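Listed below are the residues making up each chain.
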Amino acid sequence: MRDTIPMLVGAAPFGIIFGALVMTLPNHALGPWLGQWMSLAVFAGSSQFIAVGLVASHAALPVIWFTTLIVNGRHLLYAASLSPRLAHLPLRWRALLGMLLVDETFAVAIDYERRAPGSPVAHWHFLGSGIAMYLNWQAFTLIGLWFGAAFPGLQSLGLDFAMVATFIAIVMPQARVARFALAAIVAGGLAYAWRHLPYQLGLLAAVLAGVAVGTIVTLWQQRRTAS
């Protein structure tokens, strides 16, 4: 939990903004109970924001489901990276850690692995980080729901910059590896270029392009090493 404190600070305003956005939906399309339930059950900030935006634009349910599925697809990459370190755990442990796996807990887990490779308590460290992030997200979603109703326009105060800074802190240490840096540049550039496409399709396509570039470079490096 101590190692996750910087991530908690960055996620806090993000949770407040999410709660405030829920309260500004036309005709109370979600309402406070469903907004809080989304944080409890989904626990994925980016896809929750996208889902709220799609609800506001009256998108069809299949579009919402597919869009959030693609955005959360990056968690499969996180899981693939961590699975060799956690494969020995029973299913109940892996299911719990999978539920708590988000961008921030992945960054904390990878950093701990670098500092203490092969640690027998790595899963407990992961659990502590995940619980801290989960409780933090629930608390600040609730605050956003509460103050979003009392102070309309709360989401326009620029609080989201704290989360941007947090993601920069997550990405930059990884960018020291060439294939990660190239994937980030491609995904970021295309996300900006395609930002005006409807239903966040530009973001989805940019994510897929970044993953494809990273995978191609990784395979090329592996073949080059093998030869």
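Before going into details, it helps to say that this report is about the structure given with it. (Residues numbered from 1 in each chain as written. Predicted model: local features only at pLDDT ≥ 70, side-chain atom pairs only at ≥ 80, totals over all residues. Heavy atoms only, no water.)

**Digging into a nonpolar patch on the surface**
Residues Met1, Ile131 and Leu135 make up a contiguous nonpolar surface patch of roughly 290 Å² in combined accessible area. Assignment of secondary structure puts Met1 in the segment before helix H1 (5–23). Among the residues examined, Met1 registers a relative accessible area of 54% and is labelled exposed. (Patch = residues over 30% accessible without salt bridge, like charges linked within 9 Å, V, L, I, M, F, W, Y side chains within 5 Å. Areas by Shrake-Rupley, 256 points an atom, 1.4 Å probe, with all protein chains shown as cover. Salt bridge = Lys/Arg side-chain N within 4 Å of Asp/Glu carboxyl O. Helix = DSSP H or I, 4+ residues; strand = E, 2+ residues; numbered from the N terminus. Buried < 20%, exposed > 50% of the residue type's maximum accessible area, 1.4 Å probe, protein only.)

**Brief notes about the pattern of salt bridges**
Under the defined criterion, the tally for this structure stands at four salt bridges. Of the charged contacts, one joins Asp3 and Arg115 as a salt bridge, the two residues approaching to 3.0 Å between their closest N and O atoms. You can see Asp3 sitting in the segment before H1 and its partner Arg115 sitting in helix H7 (residues 103–115), a full 112 residues away along the chain. Residue class for Asp3 comes out partly exposed when judged on its relative accessible area of 29%.

**Things to note about the side chain of Thr67**
Topologically, Thr67 is positioned in helix H4 (residues 61–72). We classify Thr67 as buried; its relative accessible area is 2%. Within the structure, the side chain of Thr67 is placed 2.6 Å from the backbone oxygen of Val63, a separation counted as a polar contact. (Polar contact = N/O pair within 3.5 Å; in protein donor to acceptor, adjacent residues only side chain to side chain.)

**Concerning the environment of Arg179**
Inspection of the secondary structure puts Arg179 in helix H10 (residues 178–193). Setting aside residues no more than four positions away along its own chain, Arg179 makes contact with Gly214, Val217, Thr218 and Gln221. Of the polar contacts made by the side chain of Arg179, one reaches the side chain of Thr218; its length is 3.3 Å. (Contact = heavy atoms within 4.5 Å.)

**Some points on the packing of helix H5 (residues 74–86) against H7**
Relative orientation of the contacting elements H5 and H7 amounts to 25°, with a least axis distance of 11 Å. For the element pair H5 / H7, the angle class is roughly parallel. The element H5 and its partner H7 pack so that their crossing is left-handed. Residues Arg74, Tyr78, Ser81, Leu82 and Arg85 of H5 form the contact with H7, whose own contacting residues are Asp103, Phe106, Ala109, Ile110 and Glu113. Considered class by class, the residues forming the contact of H5 with H7 number five nonpolar, one polar and four charged. (Axes fitted to C-alpha atoms, helices over the stretch in contact; angles between N-to-C directions. Parallel < 35°, antiparallel > 145°, perpendicular 65-115°, else oblique. Left-handed = near helix turned anticlockwise from the far one by under 90°. Nonpolar A, V, L, I, M, F, W, Y, C, P; charged D, E, K, R; others polar.)

**A few points about the layout of surface pockets**
Taken as a whole, the second largest pocket spans an internal volume of roughly 180 Å³. Lining the second largest pocket we find His75, Ala79, Leu82, Ser83, Leu86, Ala87, Arg94, Leu97, Gly98, Leu101 and Phe126. Only H5 and helix H6 (91–99) provide two or more residues apiece to the lining of the second largest pocket. By residue number, the principal contributor to the lining of the second largest pocket is H5, which donates five residues. When the residues that make up the lining of the second largest pocket are grouped by side-chain class, the tally is seven nonpolar, three polar and one charged. (1 Å grid on protein atoms, 1.4 Å probe; cavity = no way out; pocket = protein on both sides within 12 Å on 5 of 7 lines; lining within 4 Å. Points joined across faces, edges and corners; volume = space filled by probe spheres on them.)

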